[in-house]
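A closer look at the structure
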Amino acid sequence: MPEVGTTQRVLRLLALLQQRPVWTGSELAERLGVTTRSIRRDVERLRTLGYPVNATQGVGGGYQLGAGRALPPLLLDDEEAIATAVSLRLAAGGTVTGASEAAVRTLAKLDQVLPARLRSEVQALQDAIATLVGDQFEVDAETLLVLARACRDRVRVEFGYVDLAGTSSRRRVEPYRLVATGSRWYLVSYDLDREDWRTFRLDRLAGTRATTLRFSPREHPDPVELVQRAISVAAYPRPVRLLLHADAAAVRRRVPATVAVIEPDGPDRCVLQAGASDPAFVLMHVARLGFAFEVLGSDEVRELAVELGQRLVEAAGSPT
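What counts and what doesn't
- Residues numbered from 1 in each chain as written.
- Predicted model: local features only at pLDDT ≥ 70, side-chain atom pairs only at ≥ 80, totals over all residues.
- Heavy atoms only, no water.
- Helix = DSSP H or I, 4+ residues; strand = E, 2+ residues; numbered from the N terminus.
- Core = buried A, V, L, I, M, F, W, Y, C linked by side-chain atoms within 4.5 Å.
- Buried < 20%, exposed > 50% of the residue type's maximum accessible area, 1.4 Å probe, protein only.
- Contact = heavy atoms within 4.5 Å.
- Pairing = 2+ DSSP bridges.
- Axes fitted to C-alpha atoms, helices over the stretch in contact; angles between N-to-C directions.

Once that is clear, we can look at the environment of Gly266. Its location among the elements puts Gly266 in the loop between β11 (261–264) and β12 (270–276). Separated by 19 residues in the primary sequence, Gly266 and Asp247 place their C-alpha atoms 8.6 Å from one another.

Here it is, written out as structure tokens:
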């Protein structure tokens, strides 16, 4: 039976293997202060306990914690355990089909095995956190997993898609990143037939299938910025560009990222870009922010701003 020191070292080895994909034997030996021969023995101990530790030789080779037929225990420190509990609590009110129930079950299991010093903290978090559920668009958990694996493994994906206009099409893409906005999930990918980067709402996908065709990464735009622009500007028929005489950070604190794109334009100035079916809606909300602003580009929006201003002056009337 391993000595206490050996047991502690094996647990530390397991923690290291969970921190990054691949470690060389010499790196592990240096971190644990032992020889590579001791590392090999400790790896065998982990395998005996059910942890599938893979070993490869050559350039880029090393030790890697793999996936087995059964899920072995995970080693969490105090902060990781608390973070896991918080994440599970939020997932209980999430948008992935079936995940809410699974999150509640997992949270109950975690609370059962937590040390006494952490259980009260986790319980306090559970009592303090509430989820305000608005309009949600549920995503199939299996679809989410297929796309996440495809992003990781760099394999092409095929699926059916229904766009905003209700038009159905079959898509072949190179998936790059999944982006969550709170109420919706999006896939950022390169559309092979349209030869351009596209964003897809996951709740509009059907028949998602990962292929075995691998691809090399392309130069890509920032996935978060691409989704932000797609949902706040490109999704609407009438774009609006305004120059605000205010710091970009101050404006971002007042304007949600899902509503508009805010770009700095020198000191204490920024450009707000948004889309709308009716530009008057954007003008009224920006006016309420209290910052001085100017209309850029569109004569239609400029004339609308003049009309709105005149109507507000008339509504104020003459003092009596």
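Glancing now at the nonpolar core. Core analysis: the biggest nonpolar cluster contains 22 residues, and Leu242, Leu244, Val251, Ile262, Leu272, Val282 and Leu283 have the highest contact counts within it. The leading source of residues in this core is helix α10 (residues 279–289), at 5 residues. Those residues in contact with Leu272 that sit more than four places away from it in its chain are Val240, Arg241, Leu242, Leu244, Val255, Ala260, Val261, Ile262, Val282 and Val286.

The next point concerns the sheet that holds strand β13 (residues 293–296). Taken in spatial order, the 4 strands of this open sheet run β11-β12-β10-β13, and their pairing is antiparallel. Edge positions in the sheet fall to β11 and β13, since each of these pairs with one other strand and no more. When strand polarity is set aside, the average angle formed by the axes of neighbouring strands in this sheet is 25°. One ladder, built from 7 bridges, connects strand β10 (residues 238–244) with β12; its direction is antiparallel. When the sheet's bridge partners are listed, Leu244 is paired in β12 with Cys270. Along the sheet, helix α8 (residues 223–234) makes contact with β11 and β12, crossing β12 at roughly 60°.

The antiparallel open sheet is built from 5 strands, whose spatial order is β8-β7-β6-β5-β9. A single partner strand is all that each edge strand has here, and the edge strands are β8 (196–201) and β9 (205–214). Each adjacent strand pair in this sheet contributes to an overall mean axis angle of 45°, direction not counted. Where strand β5 (residues 155–162) meets β9, 5 bridges bridge the pair, whose relative direction is antiparallel.

In short, geometric facts, not functional conclusions.
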